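Breakdown of the fold
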Amino acid sequence: MEGEELMSNTVRVWDLPTRVFHWALVAALAGLVTTAQIGGEAMPWHFRFGYTVLSLLLFRVVWGLVGGHWSRFASFIYAPRTILAYLKGRGNPEHAVGHNPLGSLSVFAMLGMLLLQVGSGLCSDDEIAAAGPLVTLVPGAWVSLATHYHADIGKLILLGLLVLHVGTILFYRFKKGEDLVKPMVHGDKETALTVPSSRDDAKSRLLAAALFLGCVLLVACLVQAR
Ligand code: HEM
Ligand code: HEM
């Protein structure tokens, strides 16, 4: 209806750096899974994709502190009682703008498990050709544990989280009639609420690029450590 149209306003929810982070992460993970399947000669690329994911994750942690409003952790860290209330159907309408209380748990789980996957990869050794750059720096027992976790456990946990992630997005699309993917592509949501937009101007994008470059350099130093 026209009246409702007038009431709704466009809010920038996902700033460009967050969107680039997301789709680059998806691409790098596709590369990691493919190279892990091929093994052997593809392993140097497995490592490169892994370093890319680490740089992206470090960037996302920093962006969670200084990024646009809806990308900041402060906008989607919820108290347990807020999560419970949300589950009981007593959520706040604002929860539908950024990551909702349940969605935030899945975001933190994905970021945490991805960090663990990368961390264990850095200390993994297949005892044939591929050894992570930190293998020589940590005790042998850690290497066995990390390799077991990386190749047998972590990948299954990540797979479970990703099935849940994509499943939830499909559920929203086909059962609740809400397309969450478009905002992750163009950045905006329509809402009748008066809520802040995420800052997403040239200056903040430049800051993001500089921060990402810093993360890449940090990772480059880390993997030279051996
Ligand atoms: C999120 C990032 C990563 C994912 C999802 C991932 C995924 C995988 C998977 C699924 C395997 C098992 C292949 C198989 O079934 O044999 C594997 C093996 C391996 N990955 Fe990663 N990996 C990641 C990051 C890294 C990083 C950063 C490194 C090191 C720099 C690394 C080093 C290794 C090594 C050495 C193996 C061989 C272990 C073995 O087969 O015993 N990975 N990775
Ligand atoms: C490798 C696979 C994927 C990983 C690791 C992943 C990871 C993530 C992460 C970490 C976030 C939080 C974004 C942030 O605040 O930084 C997120 C959000 C999101 N992802 Fe993915 N994602 C994957 C695949 C996909 C795919 C295939 C789609 C589309 C079908 C998708 C759609 C979305 C959407 C729409 C959001 C925003 C959810 C919301 O509105 O709260 N993701 N994803």
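Here is what the cut-offs are and how they apply
Residues numbered from 1 in each chain as written. Chains lettered and ligands numbered in written order. Predicted model: local features only at pLDDT ≥ 70, side-chain atom pairs only at ≥ 80, totals over all residues. Helix = DSSP H or I, 4+ residues; strand = E, 2+ residues; numbered from the N terminus. Buried ≥ 20, exposed ≤ 12 C-beta atoms within 10 Å, placed from the backbone. Near = placed C-beta within 6 Å. Nonpolar A, V, L, I, M, F, W, Y, C, P; charged D, E, K, R; others polar. Axes fitted to C-alpha atoms, helices over the stretch in contact; angles between N-to-C directions. Parallel < 35°, antiparallel > 145°, perpendicular 65-115°, else oblique. Left-handed = near helix turned anticlockwise from the far one by under 90°. Contact = placed C-beta atoms within 7 Å.

1. Remarks on the overall build of the chain
- Within the chain one finds eight helices and two strands.
- Secondary structure elements of the chain occur, N-terminal to C-terminal, as α-β-α-α-α-α-α-α-β-α.
- Its C-alpha atoms give the chain principal-axis dimensions of about 65 × 40 × 30 Å.
- A total of 226 residues make up the chain; the buried ones form 25% of that total.

2. What to know about the site of ligand 1
- Taken together, 22 residues surround ligand 1, and among them Ala36, Gly50, Gly121, Asp126 and Lys155 come closest.
- In the shell around ligand 1, the residues fall into twelve nonpolar, eight polar and two charged.

3. Quick word on unusual backbone geometry
- Phi is positive for Glu127, which is not a glycine, with a value near 60°.
- Within the element layout of this structure, Glu127 appears in the loop between helix 5 (101-122) and helix 6 (140-174).

4. Remarks on the site of ligand 2
- Near ligand 2 there are 20 residues, and of these Leu29, His99, Val107, Leu180 and Met184 occur at the shortest range.
- Mapped by element, the contributors of at least two residues to the shell around ligand 2 are helix 2 (16-38), helix 5, helix 6 and helix 7 (181-186).
- Tallying contributions element by element places helix 2 first for the shell around ligand 2, with six residues.
- Residue composition of the shell around ligand 2, grouped by class: 13 nonpolar, six polar and one charged.

5. Here we look at the packing of helix 3 (residues 43-66) against helix 5
- Closest axis-to-axis distance for the helix 3/helix 5 pair is 10 Å, and the angle between their directions is 140°. Here helix 3 is positioned oblique relative to helix 5, judged by the angle of their axes. Two packed elements cross with a definite hand, and for helix 3 against helix 5 that hand is left-handed. Residues Gly50, Val53, Leu54, Leu57 and Arg60 of helix 3 pack against Leu111, Leu114, Leu115, Val118 and Gly121 of helix 5.
- Considering only residue class, the contact of helix 3 with helix 5 consists of seven nonpolar, two polar and one charged.

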